[in-house]
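# Tertiary structure, described
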Amino acid sequence: MNTYKVRDHKDTRSGYGAALLEIAKDNDQIVGLCADLTGSLKMGDFAKAYPERFFQSGISEANMMGVAAGMATAGKIPFPSTFANFGSGRVYDQIRQSIAYSNKNVKICVSHAGLTLGEDGATHQMLEDLGMMKMLPNMTVINPCDYTQTMQATKAAAEHYGPVYLRFGRPKMPVFIPEDMPFKIGEAIKLTQGNDVTIIATGHLVWPAIQAEQRLKEKGISAEVINIHTIKPLDTKAIVESVKKTHCVVTAEEHMLNGGLGESVAHTLAKNYPAPMEMIGVDDTFGESGKPDELMEKYGLTDKNIVEAALKVFHRK
Amino acid sequence: MTSTTELQKIANQVRRDIIRMVHAVNSGHPGGSLGCTDFMTALYFEVMDHDPSNFSMEGKGEDVFYLSNGHISPLWYSILARNGYFDISELKTFRKLNSRLQGHPATEEGLPGIRIASGSLGQGMSAALGHALAKKLDSDNKIVYSLHGDGELQEGQIWEAALFGASRKIDNIIATVDYNGQQIDGPVQKVNDLGDLKAKWEAFGWITLEMNGHAFDDILKTMEKAKSMTGQGKPVIILMHTDMGHGVDYMQGTHEWHGKAPDDELAQKALEQLPETLGDY
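## Thoughts on the overall build of chain A
Per the secondary structure count, chain A includes 11 helices and 14 strands. The C-alpha atoms of chain A give 19 Å as radius of gyration, which agrees with the globular expectation for 317 residues (20 Å, within 12%). Here the C-alpha coordinates of chain A stretch approximately 60 × 40 × 35 Å along the principal axes. Burial analysis of chain A (317 residues in total) assigns 65% to the buried set. A total of about 11600 Å² of accessible surface is found on chain A, and carbon and sulfur atoms cover 49% of it.

## A word on the overall build of chain B
For chain B, the helix and strand inventory stands at 10 helices and seven strands. Against the 2.2 N^0.38 benchmark of 19 Å for 281 residues, chain B shows a C-alpha radius of gyration of 17 Å, consistent with a compact globule. Viewed in the frame of its principal axes, chain B has a C-alpha envelope of about 50 × 45 × 35 Å. Considering chain B as a whole, with its 281 residues, one finds that 60% of them fall into the buried category. Summing over all exposed atoms, chain B offers an accessible surface of approximately 10300 Å²; the carbon and sulfur share of this is 46%. One finds the centroid of the 25 positive side-chain charges in chain B at a distance of 3 Å from the centroid of its 38 negative side-chain charges.

## Thoughts on the interface of chain B and chain A
With 29 residues of chain B at the interface, the matching set in chain A holds 27 residues. Each partner contributes to the roughly 2300 Å² buried at the junction of chain B and chain A, and carbon and sulfur atoms together form 52% of this total. In terms of surface lost to chain A, no three residues of chain B exceed B:Gln123, B:Leu137 and B:Glu160, which account for 24% of the buried area on that side. Note that A:Lys76 is salt-bridged to B:Asp138, the shortest N-O span being 2.5 Å. Joining chain B to chain A, the criterion identifies 14 residue pairs in polar contact (both at pLDDT 80 or more). Sorting the residues of the side of chain B that touches chain A by element identifies α5 (124-137) and α6 (156-167) of chain B as the ones contributing at least two each. The greatest single-element share of the side of chain B that touches chain A, amounting to eight residues, is contributed by α5(B).

## Points about the packing of helix α3 (residues 61-73) of chain A against helix α4 (residues 92-101) of chain A
Residues and elements named next belong to chain A. Two elements in contact, α3 and α4, have axes whose closest approach is 9 Å; the angle formed by their N-to-C orientations is 5°. In terms of axis orientation, α3 runs roughly parallel to α4. Touching Ala 62, Met 65 and Ala 69 of α3 are Gln 94, Ile 95, Ser 98 and Ile 99, all from α4. Tallied by class, the residues present in the contact of α3 with α4 amount to five nonpolar, two polar and no charged.

## Details of unusual backbone geometry
Residues and elements named next belong to chain A. Along the chain, Lys 232 connects to Pro 233 via a cis peptide bond; the corresponding omega equals 0°. Notably, Asn 103 is not glycine yet its phi reads approximately 50°, a positive angle. Relative accessible area serves as the criterion here: at 30%, Asn 103 is assigned to the partly exposed category. Unlike most non-glycine residues, His 247 shows phi in positive territory, near 65°.

Calculation notes
Residues numbered from 1 in each chain as written. Chains lettered and ligands numbered in written order. Predicted model: local features only at pLDDT ≥ 70, side-chain atom pairs only at ≥ 80, totals over all residues. Heavy atoms only, no water. Helix = DSSP H or I, 4+ residues; strand = E, 2+ residues; numbered from the N terminus. Rg over C-alpha atoms; globule rule 2.2 N^0.38 Å. Buried < 20%, exposed > 50% of the residue type's maximum accessible area, 1.4 Å probe, protein only. Areas by Shrake-Rupley, 256 points an atom, 1.4 Å probe, with all protein chains shown as cover. Lys, Arg positive; Asp, Glu negative; His and termini not counted. Charge placed at Lys NZ, Arg CZ, Asp CG, Glu CD. Contact = heavy atoms within 4.5 Å. Buried area = accessible area lost by both parts, 1.4 Å probe. Salt bridge = Lys/Arg side-chain N within 4 Å of Asp/Glu carboxyl O. Polar contact = N/O pair within 3.5 Å; in protein donor to acceptor, adjacent residues only side chain to side chain. Axes fitted to C-alpha atoms, helices over the stretch in contact; angles between N-to-C directions. Parallel < 35°, antiparallel > 145°, perpendicular 65-115°, else oblique. Nonpolar A, V, L, I, M, F, W, Y, C, P; charged D, E, K, R; others polar.

In structure tokens:
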């Protein structure tokens, strides 16, 4: 524990594509749907290997979600896939009625979430999806942190019965989760052991959280980094246990603060163990065009911001 | 084969059920329900190949049905109960607390016969097409049926589905439109005109038929024809001419009773026009 090596740099969406290809081999009920973004969602290999199980939906996401719901009714395990903005807000009502309320075994797979989408700008930088999805009863919401964890999450989603929202990103990011690290939907992963502050991170903010832990160690503060890959159902036990030990917490996510993971953690702690808290996330504003790194810096989503927040919350104890 | 006289008898009782259900809770949608009663009676009691005593969500080896205009739920519940999917006594729980008979159809309570929630309009055709594609993958040659309101066709998702169904050559679906020309705010033509609906569906690549939704012989003949046209590389849709509120004189042909229940006096007046043929629930 406590030492993670960057083995490679890969995009999480590629982890989805690779896992889909793999699981489709053993499970012929798996079907893929895509709304004109096959390359972006890395579904090309799947589509080539299983053309009869790949359904190009064209630019009509509402219909794609409904078709997926109908296929699931008939016993298939559909993976409708598109960008995060088109796979959440644009089709919220379709997801709500035909998938979540109807409890269909549909795996909604979205990519290019968050600011790290970069140059395309705010129209496509979906920062509200986790909030929208976590509010839906029956919905499981997963936001994996690297290529390896995305592969694990995709496989786990296929095994899990019920609607799942899986969120990926566009740029290549550090691959650091060991391949033999266990992954279970709804179970947090304690990445480092610490006593002074708990850092709860999800998605692209997990690697910066690990870097922050190193920098805090140099300052004599031991941080416990917890990776929440499953936003819902939330592993409240792991969160409360850690904060009972450290008595303060920082959350970090590439998402709007309103409705995000931080809000879920605050909800949990308010009920179980109130403690000083800081939240890293986007604060009630849309994004803009720019390079992913520039955007993460401008909007305060870096390891440096996590360190500052940790010091602040540590001194509030 | 169920005779048209027999179908008429069932439809009469179903219409009584609808009036009694919406009257009991002073809410619900009698207009569209009464208008689609003859079609749904023919569909469930004659046209579809299905097993009411052994409902499965997947419906493998069976014809399946999707109701897209979910607000006509009292009709569907009565049909399902009268057809043997569940006991008719349950109809008295319609729209009440802890009931499986929700205001709009839902799967959460596990009511046999319901495969997906509907109510928010425009979603059922996509789901029906998905089920039809899955049947093709499973080499299951049974048919997927769906029903839609005409006002519902104002939803964009319907036309996404229309494009997709034709471009994917989904030819094991028979959709039906309740073409009554009425919606909540008034005549469809005034609210948001659908224009030449037949030409639109044909232009989208669907085999488009028309029928009189209140003549059993025409319904049965047209459904037979529709069945014979499946498997030809094109989806099939039927524009079914109906009167909203058919069977109750003061409800007929107006949008006034789209989503309103009759009071005691008017309910009585309606029931007098609909003789009890199979025994009330």
